[in-house]
Each structure stands twice: as structure tokens, then as C-alpha cells.
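# Architecture and fold: a report
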Amino acid sequence: MRINHNITALNTYRQFNNANNAQGKSMEKLSSGLRINSAADDAAGLAISEKMRGQIRGLDMASKNAQDATSMIQTAEGALNETHDILQRMRELAVQSGNDTNTDDDRTALNDEVGQLKGELDRIANNTEFNTQKLLDGSFGAKVVQNSTKTDVLAKAGVSSVQSSGGLVAGDDGSEKEYTIAANADGDGYELKDGSTVIAKATDKTDGAGNVTFTKVDADGNGTGVVALTVKTNAAYSAQDIVGTKITVSGNEKNFQVGANEGQTIGLSISDMTANGLEISNLKVDTYDDAQSAMKSLDNAIKSVSAERSKLGAYQNRLDHTINNLVTSSENVTAAESRIRDVDYALVA
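In short, a report on the structure.

## Some points on the overall build of the protein
- Secondary structure summary: the protein contains four helices and twelve strands in total.
- Residues counted as buried form 35% of the 349 residues belonging to the protein.
- Summing over all exposed atoms, the protein offers an accessible surface of approximately 18,900 Å²; the carbon and sulfur share of this is 46%.

Given below as C-alpha cells:
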């Protein structure tokens with residue numbers, strides 16, 4: 001018989017603590033609904049389930065991204081529907097003008113309507129936006145390379161960044177394309193050139209912080225008021241310092257993040273749907289010959305818009321399948337994560 005140590009009591013106390021701890025863990029699992037409430041519960045399971053949670057949240061956000069992309073495409077395609085109607089009306093007027101029962105005054109009136117329709121076509125192209133991004137002016141996809149070795153205007157003192165707003169495009173194969181800033185003939189402003197072709201103009205500015213804003217030029221070389229490029233400057237900027245510098249544009253697509261991981265994207269570009277982009281900026285129907293030529297030009301323009309709408313429709317259908325796949329993947333990964341992390345009430349002991 002031992003007097004100094006009550007072994008029976010110690011054993012009872014140990015068993016009580018074990019039962020109490022087990023009961024506490026069971027109550028923790030039952031109240032939280034989770035089998036793993038801390039890393040100590042299952043270190044490997046915690047690591048696996050957290051990785052799965054990252055995938056689940058990424059898949060859910062990718063689904064939202066794809067839905068936003070669908071909304072953007074619907075916005076662009078809806079505007080092009082109106083562009084199609086305008087082109088069909090212009091072709092109708094061209095056919096009417098091609099009839100020699102019309103007098104010169106009649107054809108002048110028909111040509112006036114064609115001019116107004118061209119203006120509205122440009123307005124639609126230049127003002128159709130989604131989340132402040134222009135969709136139909138040819139800028140959706142082009143990006144200025146923010147690297148001073150390629151866009152060497154960035155190496156000039158006082159130039160902080162260069163932003164493309166519209167009208168700049170990359171190479172036909174998506175390769176980089178170079179533009180040049182030059183002084184205009186009068187020396188009171190700048191020209192942005194694609195080779196020898198002036199595509200945008202900017203008025204001169206004083207030294208110091210501000211912006212040098214290049215606006216697109218029309219077929220006659222006049223400014224359209226649509227911003228093609230903005231060079232942002234700071235206090236160190238000196239006027240005329242950017243003459244002779246280069247601007248490089250890369251890529252011809254903007255990307256939609258439609259997956260949970262890096263590189264899981266879908267790219268899209270939208271062509272220039274202005275009158276100039278559709279090659280009808282000089283279209284007239286005020287003579288018989290002009291009317292005949294206009295019919296062919298408008299047929300080509302209608303074909304171009306049809307091709308663009310067809311492409312957008314195909315992308316929209318693709319995104320619908322993408323969304324369905326993302327939802328299914330999220331559901332399946334959630335089920336897998338649940339089997340690792342969630343508690344099975346029937347097995348709690």
C-alpha cells in the first residue's frame with residue numbers, strides 16, 4: 001500500500017483530462033463545422049485546403065471577370081448594330097443617287113444626308129465606352145510600351161508617362177510598331193507620325209508640368225478632337241524636348257483574366273469602326289460616278305462591320321462556355337476542399 005502517491009487518483013485525473021480535451025475538440029468541430037480549426041488539427045490538410053481555397057476564390061472571380069467581358073462585348077456589338085443601320089441607309093442613298101432621274105439639287109440633298117450619317121457613325125465609334133474605355137475607335141488593344149529603351153520619349157527629362165487613347169495600333173501580326181514625334185512645319189506644335197504619315201497633332205506648350213495631347217487627324221489632315229495620345233509631363237519638362245523621339249506600341253489585344261492562375265486569359269481587339277477606319281471618310285454621292293463608287297465602298301464597309309460583329313458574337317459564345325466551366329470547376333474544387341476541411345458530424349468523437 002502506497003502512501004506518498006495516489007496512483008489511482010493520478011490515473012483518473014489523466015483520463016479525465018484526455019476526455020475533457022477530446023470533448024472540447026469535438027465541441028469546437030461541432031460548433032464551427034470544421035474538422036480543421038488550427039494547423040495542429042491536420043497540418044498537411046490545412047496546407048492543401050488553403051491552396052484549394054485560393055483556387056476557389058480565383059475561379060469565382062474569374063467567372064465575374066468573364067461576365068464583365070461579356071457585358072463589354074454586348075456594349076460594342078450593340079453599337080455596331082446601329083453602325084450597320086447607318087451604313088445600310090447610306091447605301092440606300094447611294095443607290096438612289098445613282099439614278100439619273102435626280103437633278104443636281106436632288107443629289108446635293110442626298111449627299112448632305114450622307115455627310116450627316118458619316119458624322120453620326122464617327123460619333124458612335126468615338127463615344128461608345130465601357131468603364132470609360134473606348135471600344136470602337138481603334139484603340140481597344142493597343143498599348144504604349146512604358147520602357148524608355150523602346151518608347152524613348154520616356155527617357156527625356158520631365159516626361160513621366162505616355163498613354164494611348166485611340167488610333168495607335170500595333171503591327172498586323174501583333175508585333176511592336178514604332179511612331180515618331182516631330183515638329184510641325186510652322187514650328188508651333190508637334191506631329192505624331194507613322195512613317196511619313198501624320199496621324200495626330202499636338203499644339204505646343206510651355207515648359208513645366210502638364211500634358212502634351214495629340215489628337216487624331218482626319219483624311220484632310222485636320223484635327224478631329226479625338227485624343228490619340230497623351231504625353232504626361234512634370235516640372236522638369238522643356239518644350240520641344242520630345243521632338244525626334246519614338247513611341248512604341250505593342251500587342252493588338254486586351255486580355256480578360258478568365259482563370260484562377262497566371263496566363264489563363266483570353267485576348268480581344270476591336271477594329272477601328274470610324275468612317276476613316278471603314279475607308280468611307282471621303283465618300284460622296286453628289287454625282288453619278290461618286291454614287292457608283294460609293295456603293296462598292298459601302299459594300300466593303302458593311303462587310304467589315306459584319307465581320308467584326310461576327311467575331312464579337314463568337315467571343316461572347318466562347319465566354320458563355322468559359323463561365324459554365326468556371327462555375328463547374330469551382331463547385332468541384334469546393335466539394336474537394338470540403339472533404340478535407342469540413343467536419344463529418346456522424347464521425348465526430
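## Notes on the environment of Lys64
- Residue position: Lys64 is located in helix H2 (residues 43-97).
- Remark: the alpha-carbon pair of Lys64 and Ile323, spanning 259 residues in sequence, is separated by 8.3 Å.

## So, the nonpolar core
- Leu87, Met90, Leu136, Leu268, Ile270 and Ile280 are the most contacted members of the largest nonpolar core, which has 42 residues in total.
- Put simply, the parts of the chain that give this core at least two residues each are H2, helix H3 (104-127), strand E12 (265-268) and helix H4 (288-341).
- If one sorts the elements of this core by residue count, H2 sits on top with twelve residues.
- Filtering out sequence-adjacent residues up to four positions away, Leu87 remains in contact with Leu121, Leu278, Ile280, Leu298, Ala301, Ile302 and Val305.
- If you look at the next biggest cluster of nonpolar residues, it comprises 24 residues, including Ile181, Ile199, Ala228 and Ile247.

## Description of the packing of aromatic side chains
- Evaluation of the coordinates by the stated rule reveals one aromatic pair.
- Between the aromatic rings of Tyr190 and Phe214, the centroid separation amounts to 6.2 Å while the plane-to-plane angle is 35°, which identifies the pairing as tilted. Here Tyr190, found in strand E6 (residues 189-194), pairs with Phe214, found in strand E8 (residues 210-217); they are 24 residues apart in sequence, far enough to count as distant. Grouping residues by exposure puts Tyr190 and Phe214 together as buried.

Rules behind the numbers
- Residues numbered from 1 in each chain as written.
- Predicted model: local features only at pLDDT ≥ 70, side-chain atom pairs only at ≥ 80, totals over all residues.
- Heavy atoms only, no water.
- Helix = DSSP H or I, 4+ residues; strand = E, 2+ residues; numbered from the N terminus.
- Buried < 20%, exposed > 50% of the residue type's maximum accessible area, 1.4 Å probe, protein only.
- Areas by Shrake-Rupley, 256 points an atom, 1.4 Å probe, with all protein chains shown as cover.
- Core = buried A, V, L, I, M, F, W, Y, C linked by side-chain atoms within 4.5 Å.
- Contact = heavy atoms within 4.5 Å.
- Phe/Tyr/Trp six-rings, centres within 6.5 Å; stacked < 30°, edge-to-face > 60°.

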